[in-house]
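An overview of the molecular structure
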Amino acid sequence: MGAVGRLCALLLCGALSLCGVRAAARQPDTLYLWIDAQQARVLIGFEEDILIVSEGKMAPFTHDFRKAQQRMPAIPVGIHAMNFSWQATGRAEYFYEFLSLRSLDKGIMADPTVNIPLLGMVPHKPSVVQVGFPCLGKQDGVAAFEVNVIIMNAEGNIILQTPQNAIFFKTCQQGNANEDMARLSDWVT
Ligand SMILES: *[C@@H]1O[C@H](CO)[C@@H](O)[C@H](O)[C@H]1NC(C)=O
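Residues numbered from 1 in each chain as written. Predicted model: local features only at pLDDT ≥ 70, side-chain atom pairs only at ≥ 80, totals over all residues.

Across its full length, the protein chain carries 4 helices and 11 strands. Counting every position in the protein chain, which comprises 189 residues, the buried fraction comes to 16%. (Helix = DSSP H or I, 4+ residues; strand = E, 2+ residues; numbered from the N terminus. Buried ≥ 20, exposed ≤ 12 C-beta atoms within 10 Å, placed from the backbone.)

Take a look at the structure:
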């Protein structure tokens, strides 16, 4: 559309008050983070999205994180990676940074991985972030690990972050190594 076309569109839009309607229909500037139904089915057997952050706020089940963690089983042997989905709606820009991806049991599992850069912008389209759990296959056991991520607004203020001292657990098995992170399609079996 040329400049004249844009001007006409603008005038028409103004004349019909369509702009107001469109502004009202526009999605608000906010943030969502969830485990999609497909991943939830693999994880807990229910094919239903699990919202972790909704409209920029941590879901109620995370508020008492200690309690939530007690109900969170260790990630089973057969799951080598987990998909998280996220989306920034509206036009606002949000930035993320992984501050730590750390295994606390390095004899069982190497540091967890993510398939995106450690620092970047939360996409405006729903997108998947895969967190990988590289079991070493040297021994049976449960590895504790940290995944610390912060989300900042355009001004650089932290608006969300992994709860303080959050520790997650992954069950690994001897002879069941998962170091070949290039074979993405084999991650979840
Ligand atoms: C995880 O995401 C990848 C890439 O989008 C996809 O190929 C895979 O099927 C997903 N796994 C599950 C369990 O949803």
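Here we take up the sheet that holds strand β8 (residues 127-132). The 6 strands are arranged β3-β2-β1-β4-β8-β6 in an open sheet whose pairing can be described as antiparallel. Two strands in the sheet have a free side with no partner beyond their single neighbour: β3 (57-58) and β6 (113-114). Across 2 bridges, the pairing between β6 and β8 is antiparallel. The residue of β8 that forms the bridge with T113 is G132. (Pairing = 2+ DSSP bridges.)

Another point: the nonpolar core. With 13 residues, the main nonpolar core has I108, M109, F133, C135, L136, A143 and C172 as its most contacted residues. Mapped by element, the contributors of at least two residues to this core are β4 (81-89) and β9 (141-152). Discounting chain neighbours no more than four positions away, the residues touching A143 are S103, D105, I108, M109, F169, K170 and C172. Core analysis: the next-biggest nonpolar cluster, separate from the first, contains 9 residues, W34, A88, Y94 and I151 among them. (Core = buried A, V, L, I, M, F, W, Y, C linked by C-beta atoms within 7 Å. Contact = placed C-beta atoms within 7 Å.)

Before going further, it helps to spend a moment on unusual backbone geometry. For residues other than glycine, phi is negative in most cases, and the peptide bonds are mostly trans. Positive phi is not limited to glycine here, since E55 has a value of about 50°. Residue classification places E55 among the exposed positions, given that 10 C-beta atoms sit within 10 Å. You will see that N165, though not glycine, has its phi angle at about 60°, which is positive. With respect to the helices and strands, N165 occurs in the loop between β10 (158-161) and β11 (168-172).

Glancing now at the pairing of strand β2 (residues 50-54). For strand β1 (residues 30-35) and β2, the ladder comprises 3 bridges, and the chain directions are antiparallel. By the bridge assignment for β2, I35 is matched with I50. Relative to β3, β2 runs antiparallel, the two sharing 2 bridges. Following the sheet pairing, V53 is matched in β3 by M58. The antiparallel hairpin formed by β2 and β3 contains 2 residues in its connecting segment, where E55 sits at a positive phi of about 50°.

So, on to the pairing of β1. Across 5 bridges, the pairing between β1 and β4 is antiparallel. The residue bridging L31 from the neighbouring strand is A88, located in β4.

Time to look at the environment of A40. Within the fold, A40 resides in helix α3 (residues 37-44). Take A40: there are 17 C-beta atoms within 10 Å of it, and that puts it in the partly exposed class. As for A40 and I50, which are separated by 10 residues in sequence, their C-alpha atoms are 7.1 Å apart. What A40 contacts, discounting residues up to four positions off in sequence, is I35, F46, E47, E48, D49 and I50.

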